[in-house]
Amino acid sequence: MDPFFLLVCISPAILSLIFHGFYVHSRIGVKDVPNERSLHTEVTKKSGGMIFLPLFLVFLLGIAYLGENGRFGFEAHTANLRYLLPYLLSGVLAFGCIGFLDDLYSLSPKIRLFLEAGFLGFWTFFLSPNLSLFEIQIPYLWVAVVLLTFLGVFMINLVNFMDGLDLYLIGTVFYSSLFWWTIYSGQFAFGGTLFFVTVCLFQAAAGFVYYNFPKAKLFMGDSGSLGLGFLLISLPVLGTKPETTNFELASFFYLFPIFWIDGIITILIRSYEKKHIFQAHREHLYQYLTETKLGKKWTCFWMTLANLPAGICYFYFIDLPGKSTFLSKNQLLILLILGYTVVYIVLRIVVTARRKNLA
């Protein structure tokens, strides 16, 4: 193996560890002071996203540079990276900055939603994606822009809601990415353009993972969760743009099934109880589970692992070559949503009842 190639693979993770370590142990940075809604009990640094998001963009530019110079076979991905870079650079910078401002000044939900929707609307318009919903082609660009903007803003904030447990968000992204190649695009498969983009993301986040491991010394903050939420939306859509196929909006469910079910049901419960849905709280199932014998580490492990059955089912029933299938994509999606919802509701009822008995 080329020693320089090995250095290219390892050095980004080492750089990430160094930069995150400097931020954690220095006197500078944004601090998260615990309150009654927090799962942590000590003052902890946050806004880790302002470290790993810029590193991700730098590593991505590095891959593009190596491709331009014909190193290690990256030249095959140069054209695709040129297409991806403007969309990724603009989106990550925009949502990272919005999140950082929120970390510093606690922006009102209305202002933040306005900034998110405004940027994502323009971003989607210039992208002009080919979209479908439940395998029905969306014929008009303005409808596609409205749908993707609305769904994108909801998803980004859903990701933000779920960033409350050490290692939970980044762990979910890692495990779910194992099936992106079959659900979204072959470019996520080993050696594909989006595979290298995803590797750059996890290399950049390596230092954050180390310091976010329970008991966390660093939190992602809104700067990280909003930027990461944008990447979760943009990468699958960008992966289908150069191809002739449409991007299926319903397939976003497979990114993080547990996030969808936990987030939406919790929002419905809080709305029914006439509580502010944008106010920080401790009413998600994963927050309840940390109060049981599972604790933070096992809650993170099992809640993260629970996302995998959706990807496995998609691969087995939809994408596995050389087999006869009796389920369509829509039928599988409906069955998975029902299955996850039933299990979630039963588990939530049991955990909630035990909490009341202990109280």
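Just so you know, these numbers come straight off a predicted model, no measurement behind them.

1. Focus on the overall build of the protein chain
When helices and strands are counted, the protein chain shows 15 helices and 5 strands. Every one of the 359 residues in the protein chain was classed for burial, and the buried ones make up 49%. When contacts within the protein chain are restricted to residue pairs at least 6 apart in sequence, long-range pairs at least 24 apart make up 75% of them. For the protein chain, the accessible area works out to roughly 17,600 Å², and carbon and sulfur atoms hold 70% of it.

2. A few points about the side chain of T266
Mapped onto the elements of the fold, T266 is located in helix 11 (residues 257–272). Look at T266 and you get buried, because its relative accessible area is 1%. Discounting residues that sit within four places of it in the chain, T266 has contacts with H281, E283, H284, Y344 and R348.

3. Here's the deal with the pattern of salt bridges
Following the criterion strictly, the structure yields 7 salt bridges and no others. When the shortest N-O distance is used, the salt bridge between E116 and R112 registers 3.5 Å. You can see E116 and its partner R112 sitting in helix 4 (residues 109–127), 4 residues apart, about one turn around the helix. Residue E116 shares its accessibility class with R112, and that shared class is buried. Between E283 and K275 there is a salt bridge, and its shortest N-O distance comes to 2.9 Å. In the salt-bridge network here, residues are joined through shared partners; they are D102, R112, E116 and D222.

4. A short note on the packing of aromatic side chains
Any two aromatic rings considered together are summarised by their centre-to-centre distance and by the angle between their planes. In total, this model carries 28 aromatic pairs according to the counting rule given. The interplanar angle of 85° and the centroid separation of 5.6 Å between the aromatic rings of F95 and F119 together place this pair among those described as edge-to-face. With F95 in helix 3 (residues 78–105) and F119 in helix 4, the pair connects residues that are 24 residues apart, well separated along the chain. Among the residues examined, F119 registers a relative accessible area of 22% and is labelled partly exposed. A centroid spacing of 5.0 Å and a plane angle of 80° characterise the contact between F301 and W302, whose relative ring orientation is edge-to-face. Judged by its relative accessible area of 34%, F301 is partly exposed. Taken together, the ring pairs in this structure connect Y83, Y87, F95, F119, W123 and F230 into an aromatic cluster.

5. Here we look at the confidence of the model for the protein chain
Of all residues in the protein chain, 87% have pLDDT values of 70 or greater, and the mean over the chain is 86. Ranking the elements of the protein chain by mean pLDDT puts strand 1 (residues 30–32) last, at 74, and helix 4 first, at 94.

6. Quick word on helix 6 (residues 168–177)
Where burial is concerned, most of helix 6 is hidden: 8 out of the 10 residues are buried. Here helix 6 has its buried residues at Y168, L169, I170, G171, T172, V173, S176 and S177.

7. Description of the packing of helix 4 against helix 10 (residues 221–240)
If you want to describe how two helices pack, look at the angle between their axes and the distance between the axes. Here helix 4 crosses helix 10 at 25°, and the two axes come no closer than 13 Å. In terms of orientation, helix 4 lies roughly parallel with respect to helix 10. Relative to helix 10, helix 4 is oriented so that their crossing is right-handed. Between helix 4, through R112, E116, L120, W123 and L127, and helix 10, the contact on the second element is made entirely by D222, L226, F230, S234, V237 and L238.

8. A closer look at the sheet that holds strand 5 (residues 247–248)
Hydrogen bonding along the main chain pairs the strands of a sheet, whether they run parallel or antiparallel. Judged by pairing direction, the sheet is mixed, and its 3 strands sit side by side in the order 4-3-5 without closing on themselves. Across the chains shown, the open sheet's two edge strands, defined by having one partner strand only, are strand 4 (136–137) and strand 5.

9. Focus on unusual backbone geometry
The amide bond that connects P214 to the next residue, K215, takes the cis arrangement and shows omega of 0°. Topologically, K215 is positioned in the loop between helix 9 (206–212) and helix 10. With a phi close to 50°, S106 is a non-glycine residue in the positive phi region. Overall, S106 belongs to the exposed group, its relative accessible area being 58%. Although it is not a glycine, L167 adopts a positive phi angle of roughly 70°. By relative accessible area, which is 14% here, L167 ends up buried.

10. Some words on a nonpolar patch on the surface
A grouping of I10, I14, L15, I18 and F19 is seen on the molecular surface, where their side chains present a nonpolar patch of about 450 Å² in accessible area. Along the chain, I18 turns up in helix 1 (residues 3–25).

11. What about the packing of helix 5 (residues 141–161) against helix 11?
Taken N-terminus to C-terminus, the directions of helix 5 and helix 11 make an angle of 90°; their axes are 10 Å apart at the nearest point. Looking at the two axes, helix 5 sits roughly perpendicular to helix 11. Residues L151, F154, M155, L158 and F161 of helix 5 form the contact with helix 11, whose own contacting residues are F259, W260, G263, I264 and I267. Class assignment of the residues belonging to the contact of helix 5 with helix 11 gives a composition of 9 nonpolar, 1 polar and no charged.

12. Brief notes about the nonpolar core
Counting residues in hydrophobic clusters, the biggest one holds 94 residues, and the most contacted among them are F56, Y168, V197, F252, Y254 and F256. The dominant element in this core, judged by the number of residues it contributes, is helix 2 (residues 49–68), at 10 residues. The contact partners of F256, leaving out residues within four places of it in the chain, are M155, L158, V159, T172, L232 and N307.

What counts, and at which threshold
- Residues numbered from 1 in each chain as written.
- Predicted model: local features only at pLDDT ≥ 70, side-chain atom pairs only at ≥ 80, totals over all residues.
- Heavy atoms only, no water.
- Helix = DSSP H or I, 4+ residues; strand = E, 2+ residues; numbered from the N terminus.
- Buried < 20%, exposed > 50% of the residue type's maximum accessible area, 1.4 Å probe, protein only.
- Contact = heavy atoms within 4.5 Å.
- Areas by Shrake-Rupley, 256 points an atom, 1.4 Å probe, with all protein chains shown as cover.
- Salt bridge = Lys/Arg side-chain N within 4 Å of Asp/Glu carboxyl O.
- Phe/Tyr/Trp six-rings, centres within 6.5 Å; stacked < 30°, edge-to-face > 60°.
- pLDDT = per-residue confidence, 0-100.
- Axes fitted to C-alpha atoms, helices over the stretch in contact; angles between N-to-C directions.
- Parallel < 35°, antiparallel > 145°, perpendicular 65-115°, else oblique.
- Left-handed = near helix turned anticlockwise from the far one by under 90°.
- Pairing = 2+ DSSP bridges.
- Patch = residues over 30% accessible without salt bridge, like charges linked within 9 Å, V, L, I, M, F, W, Y side chains within 5 Å.
- Nonpolar A, V, L, I, M, F, W, Y, C, P; charged D, E, K, R; others polar.
- Core = buried A, V, L, I, M, F, W, Y, C linked by side-chain atoms within 4.5 Å.

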